Structure formats: C-alpha cells, structure tokens
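If you want the building blocks of each chain, they are given just below.
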Amino acid sequence: MQRGWKAMAMAVVLGGAGAASAHEFTCDKRVHVKGEGQPRPGEAPRVTKFPATLRFQYKLRNVHPKGESVADLVEDPLLAPYGFGSPFPTPMAIGVGEGRDATFELKLDSPEACQALAASDGRVDDSFDSALRVKWALGETQCAARVTCCEPFVDCELTCPPDDPYCAEPPGPGARGPSRNAGFFKVHEQALGQCVAAGRMDLGVARVETLEQALGLLWASPGLDRNGGVRSEADARRFELAREALVATCNERLFGASEKRGRALDEALRTLRGASGDEGQARLVRELGRHNDAGMRQPLPGGFDAGRATPAHAASIATDPLEPGRE
C-alpha cells in the first residue's frame, strides 16, 4: 500500500509540473525611426533628425502546441522612465496559436536626449539596446532591438517644430560652408587643437595659446570668476563675447567664414581689445552666436577629422586662460 501511495503522490507531482510548464512564448521587438530610411540588413536603425519619434513595436505569441500560455511578467526596463515599462498587462493568458501586439512612441527632442537614452543601458557608446523580458511559470524569454544615435554637433540634423517660434531656421542659400558652435568645440579636442595650432588668439580678456586654455574659456562659467566670485554683468557679457569670438575664429580658420561673419568677428575683437567702447557687446554676442550656429547642419569638409567627442576628458584638462588683471 505504501508503494502505491508513493507512486500516486509522484504521479500528482509530475502531473502538476507538466501542467505548470505548459506555457511557452516567443517575442519580437522592432524599432522604427519616423522620417529615417530603412537601415541596411544587419544594421540598427539610426536617429539623425530631431525632433525624432521612435516607434517601438512588440509581438508576443503563444507557441505551446496544446494549451494556453500565461505570462506572469512582461517588462521593458529601459522604457520604464518614459511610462512604458510594461507593454502588456499581466498576468495575461494567450490561447493556442494566438498572439498580442503593442506599440509605443517616444519623442526625442534633441541629440542630447538620444545620447542620454544610449547611456541609460549601462554601456558607454552611441547605441542603446531596449530588451523586452517575458516570464512564465517555468520559463523566460527576451527579445531586443538596438538603435544608434548620431553624434551631437557632427552628423545630427535639427529641424524646427511648428510650435517653436524661437527655433532657428536652416541657413539660406547665401550661407557659405559649415560652422560649429561652442558646444562642438568644447567636446572635440582634436578639432579645437587644430584651430589653436594655427596661432595665438588675443581675445582681450584672455590670450589663448594652448588647447587647455581654449577649453578653459569654453568650459568656464561666464558669471563666475576664477575664485568663484560673481562677475559683474558687464564682465560676464565681455566673457561671453570672448567665447563666441574664439569659436568664430576657429570656424574661420578651419572652415572659412562668410564676409558678414568676418566683419562681426573683427568688430568683436576690436571691442575686446579695447580699441572701441563696450557699447553693443550684447548685440555682438548674439550676432556671433547666430553666425557660429548658421552652418551647424552643413557637413564638415571632406578630409577634415574632428575626432570623437570626449567631454569628460576635455573638461578635466581645461585651464584658466584669463589674463591677470583682465577680468
């Protein structure tokens, strides 16, 4: 009798295990970047135009041959901060041969937003992997999709949303060649180094002779002096003008400059060097800033190597370029 009891108990255990394991899923996840062309086979979708909309598509299918499958957990951790960490409600039962679909759209307003998403997957690169995880009683499966971000200031295109009256439109037909702004030069040491190598820059508040000094002018706060004290409004504006003049000089040296941009730069340098009064500094800051931004969407000249963006290292080697007594 005892043997029979044991045999019956074992049959119940095995039968229960078989019923619990009668679940099996496959999943598929894809990402489409609206407005971008289809990637070549084997390549990840690439985000180059901003604002960008990413459309995440999920397919979850029961592939058990005889019974329904019950998903106890379905999650996409990378998208949880954006409100889509659970594409499907759980527990979720799916019948034999059936499946479920879900979609989610995520808007990225800028290249920096895409880079932040790329960094959130734990790897330091320009791509992010968004993985869907599906768990059931005695099993688990995952499917993932990779997306690559363009590099800010190098190969990203910016377009103006219709509801943003302050967005700068692309340069007109009269624009002459590419330019890059302070954000580009402060993280691209190789490009900035080529500019500095062309000769010393006397910017009134500072003489820039080294890469480290140029980075110091780009990374420093216009409103704070070297000791952390607050600069006057006039001194802060003068500092901002020196920064834009540095960037305009590099645009001129590396990529050429339009005649209009050259005139604005000449006027800014005369003002900084004390050859004219301080009137009009705010206007010059705005004008030079617009000129430095004007060619951001133009490709860099063929053969010019800007190097990779290295913000952490660039910030770490930046040194104070301000001349004693010139603040």
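So, here's what we can say about the structure.

The rules we used
Residues numbered from 1 in each chain as written. Predicted model: local features only at pLDDT ≥ 70, side-chain atom pairs only at ≥ 80, totals over all residues. Heavy atoms only, no water. Axes fitted to C-alpha atoms, helices over the stretch in contact; angles between N-to-C directions. Helix = DSSP H or I, 4+ residues; strand = E, 2+ residues; numbered from the N terminus. Parallel < 35°, antiparallel > 145°, perpendicular 65-115°, else oblique. Left-handed = near helix turned anticlockwise from the far one by under 90°. Contact = heavy atoms within 4.5 Å. Nonpolar A, V, L, I, M, F, W, Y, C, P; charged D, E, K, R; others polar. Pairing = 2+ DSSP bridges. Core = buried A, V, L, I, M, F, W, Y, C linked by side-chain atoms within 4.5 Å. Buried < 20%, exposed > 50% of the residue type's maximum accessible area, 1.4 Å probe, protein only. Salt bridge = Lys/Arg side-chain N within 4 Å of Asp/Glu carboxyl O. Expected span 1.5 Å × (residues − 1). Phe/Tyr/Trp six-rings, centres within 6.5 Å; stacked < 30°, edge-to-face > 60°. Lys NZ or Arg CZ within 6 Å of the ring centre and 35° of its normal.

**Some words on the packing of helix H5 (residues 211-219) against helix H6 (residues 233-255)**
Move 1: Packing of H5 against H6 leaves a shortest axis separation of 9 Å and a crossing angle of 130°. Regarding the angle of H5 to H6, the classification is oblique. Crossing handedness for the pair H5 and H6: left-handed. Contacts from Ala214, Leu217, Leu218 and Trp219 in H5 reach Phe239, Ala242, Arg243, Leu246 and Val247 in H6.
Move 2: Along the lines of polarity and charge, the residues of the contact of H5 with H6 split into eight nonpolar, no polar and one charged.

**Thoughts on the sheet that holds strand E4 (residues 52-62)**
Move 1: Spatial ordering of the open sheet is given by E1-E4-E8, a layout of three strands whose pairing is antiparallel. For this open sheet the edge positions go to strand E1 (25-33) and strand E8 (99-108), each flanked by a neighbour on one side alone. Between one strand and the next, the sheet's axes are offset by a mean angle of 15°, whatever the strand orientation.
Move 2: Pairing between E1 and E4: nine bridges, direction antiparallel. Across the sheet, arginine 30 pairs through a bridge with glutamine 57, a residue of E4.

**Some points on the nonpolar core**
Move 1: Phe185, Leu192, Leu203, Leu246 and Leu288 are the most contacted members of the largest nonpolar core, which has 40 residues in total.
Move 2: Taken together, the elements giving at least two residues each to this core come down to helix H3 (182-185), helix H4 (189-196), H5, H6, helix H7 (259-272) and helix H8 (281-294).
Move 3: Top contributing element to this core by residue count: H6, with 10 residues.
Move 4: Those residues in contact with leucine 203 that lie beyond four places of it in its chain are Val208, Leu217, Ala242, Ala245, Leu246, Leu269 and Leu272.
Move 5: Membership of the second largest hydrophobic core comes to 36 residues, among which are Val74, Leu78, Leu108 and Ala145.

**With respect to the environment of alanine 102**
Move 1: Position of alanine 102 among the secondary structure elements: in strand E8.
Move 2: Spatially, the C-alpha atom of alanine 102 lies 5.1 Å from that of tyrosine 58, the residues being 44 residues apart in sequence.
Move 3: Those residues in contact with alanine 102 that lie beyond four places of it in its chain are Phe56, Gln57, Tyr58, Pro87 and Phe88.

**Section: the sheet that holds strand E10 (residues 139-149)**
Move 1: Strands sit in the order E2-E10-E9-E6 across an open sheet of four strands; the sheet is mixed. Each edge of the open sheet carries a strand with a single partner, namely strand E2 (46-47) and strand E6 (73-75).

**Quick notes on the pattern of salt bridges**
Move 1: Enumeration over the complete set of coordinates arrives at 17 salt bridges.
Move 2: Across the salt bridge formed by glutamate 105 and lysine 34, the nearest N and O atoms sit 2.7 Å from each other. Of this pair, glutamate 105 sits in strand E8 while lysine 34 sits in the loop between E1 and E2, placing them 71 residues apart in sequence.
Move 3: Judged by its relative accessible area of 35%, glutamate 105 is partly exposed.
Move 4: Note on lysine 34: relative accessible area 41%, which makes it partly exposed.
Move 5: Between arginine 146 and aspartate 129 there is a salt bridge, and its shortest N-O distance comes to 2.7 Å. Of this pair, arginine 146 sits in strand E10 while aspartate 129 sits in strand E9 (residues 127-136); the two residues are 17 residues apart in sequence, bridging distant segments of the chain.
Move 6: Of the residues examined, arginine 146 reaches a relative accessible area of 39% and is grouped as partly exposed.
Move 7: In this structure, a network of salt bridges that share partners links the residues Lys34, Arg55 and Glu105.

**Focus on H8**
Move 1: The end-to-end C-alpha distance of H8 is 20 Å, a good match for the 20 Å that 14 residues give at a rise of 1.5 Å each.
Move 2: By the burial criterion, the buried members of H8 are Gln281, Leu284, Val285, Glu287, Leu288, Gly289, His291 and Asn292.

**Some thoughts on the packing of aromatic side chains**
Move 1: Counted by the stated rule, this structure contains six aromatic pairs.
Move 2: Note on phenylalanine 25 and tryptophan 136: the rings are 5.5 Å apart at their centroids and 55° apart in plane angle, and the pair reads as tilted. Here phenylalanine 25, found in strand E1, pairs with tryptophan 136, found in strand E9; they are 111 residues apart in sequence, far enough to count as distant.
Move 3: For phenylalanine 25, a relative accessible area of 3% corresponds to the buried category.
Move 4: Measuring from ring centre to ring centre gives 6.3 Å for phenylalanine 56 and phenylalanine 104, while their planes differ by 35°; the resulting arrangement is tilted. Of this pair, phenylalanine 56 sits in strand E4 while phenylalanine 104 sits in strand E8, placing them 48 residues apart in sequence.
Move 5: You can call phenylalanine 104 buried: its relative accessible area is 14%.
Move 6: Here the guanidinium or amino end of arginine 180 rests over the ring plane of phenylalanine 184, the centre of that ring lying 5.9 Å away.

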